[in-house]
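Spelled out, the chains give:
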Amino acid sequence: MKKAYFNWSTGKDSSLALYHILQQKEYNVTQLVTTVNKDYERVSMHGLREALLDAQVERLQLPLQKIYFPAEVTMSDYDKAMRNATQKLIEQDYKYGIFGDIFLEDLRKYREEKLQEVGITGVFPLWKQDTKALLKEFLSLGFKAITVCVNAKLLDESFVGRILDEDFINDLPENVDPCGENGEFHTFTFDGPIFSSPIDFTIGEKVLKTYAPSKKEEDTCGSDDSSWDRAFWYCDLIPK
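Now for a quick tour of the structure. (Residues numbered from 1 in each chain as written. Predicted model: local features only at pLDDT ≥ 70, side-chain atom pairs only at ≥ 80, totals over all residues. Heavy atoms only, no water.)

Moving on to the packing of helix α3 (residues 75-91) against helix α4 (residues 105-118). At a minimum axis separation of 10 Å, α3 and α4 run at an interaxial angle of 50°. Relative to α4, α3 is oriented oblique. As for how α3 packs across α4, the hand of that crossing is right-handed. Mapping the contact onto sequence places Met75, Tyr78, Asp79, Arg83, Thr86, Gln87 and Ile90 in α3 and Tyr110, Lys114, Glu117 and Val118 in α4. Across the contact of α3 with α4, the residue classes break down as five nonpolar, two polar and four charged. (Axes fitted to C-alpha atoms, helices over the stretch in contact; angles between N-to-C directions. Helix = DSSP H or I, 4+ residues; strand = E, 2+ residues; numbered from the N terminus. Parallel < 35°, antiparallel > 145°, perpendicular 65-115°, else oblique. Left-handed = near helix turned anticlockwise from the far one by under 90°. Contact = heavy atoms within 4.5 Å. Nonpolar A, V, L, I, M, F, W, Y, C, P; charged D, E, K, R; others polar.)

Structure below.
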């Protein structure tokens, strides 16, 4: 089996991708990697408390490498930190990195280019699969997840803090991908066949956060481009 690390996001796509990898027996996943906002102690993008990430990892029974970033980070700083973290993985003889991406061509190209610079091959077990079918497979396997962040431009407050089920799929607007692959929503997986036991939590407050464009010229990920989404609903989950 090929030694590999897995880019763990805490959500449904990562969970299903890891499940498939474990079933295929081609790759030996011995390390998880997750980016964390060190200022707020929350998983990047998802806004999930770090303690719930730790609860997942405990039940996955895999070691986790956390990559910490400040609340505000430029793309150059991000690339540098990721390269340093990847270098550590190379020193541990990892040659494959696994991702849960499904169809974002630009994102896959970016990942592969950065990985090729250091000699790692990207693996994408869910690539180009039908997202509605993937979500239904996720549910049929017994996975359970809840939305923790939604794009306020596309989904209202009622969609955050909501359990993924058939009703959720049916209620999604036509312009929203069933897996949220365009960043429409992010999730936290709290049960399923890859976990040794369910994760208990309570649902906290819902907040709308708006982000102003970055004025730093080198921050290409936060430019003044009006096409960037700036408002998101978050649902705080509190570990029991």
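Okay, back to it.
This part is about the nonpolar core. Of all hydrophobic cores here, the largest spans 51 residues; its most connected members are Phe6, Trp8, Ile98, Phe188, Ile194 and Leu237. Ignoring anything within four residues of it in the chain, the contact list for Trp8 reads Ser14, Ser15, Leu18, Leu32, Val33, Thr34, Leu53, Gln56, Leu60, Ile194 and Phe195. Val33, Ile67, Ala85 and Phe124 belong to the second largest nonpolar core, which has 14 residues in total. (Core = buried A, V, L, I, M, F, W, Y, C linked by side-chain atoms within 4.5 Å. Buried < 20%, exposed > 50% of the residue type's maximum accessible area, 1.4 Å probe, protein only.)

Applying the stated criterion across every chain yields a total of 12 salt bridges. The salt bridge involving Asp101 is made with Arg111; its shortest N-O contact spans 2.6 Å. Residue Asp101 is located in the loop between β5 (96-98) and α4, and its partner Arg111 is located in helix α4; the two are separated by 10 residues in the primary sequence. Here Glu105 and Lys128 are joined by a salt bridge, their closest N and O atoms 2.7 Å apart. Of the two residues, Glu105 is situated in helix α4 and Lys128 in the loop between β6 (121-123) and α5 (131-140); the sequence distance between them amounts to 23 residues. In the salt-bridge network here, residues are joined through shared partners; they are Arg42, Arg49 and Asp236. (Salt bridge = Lys/Arg side-chain N within 4 Å of Asp/Glu carboxyl O.)

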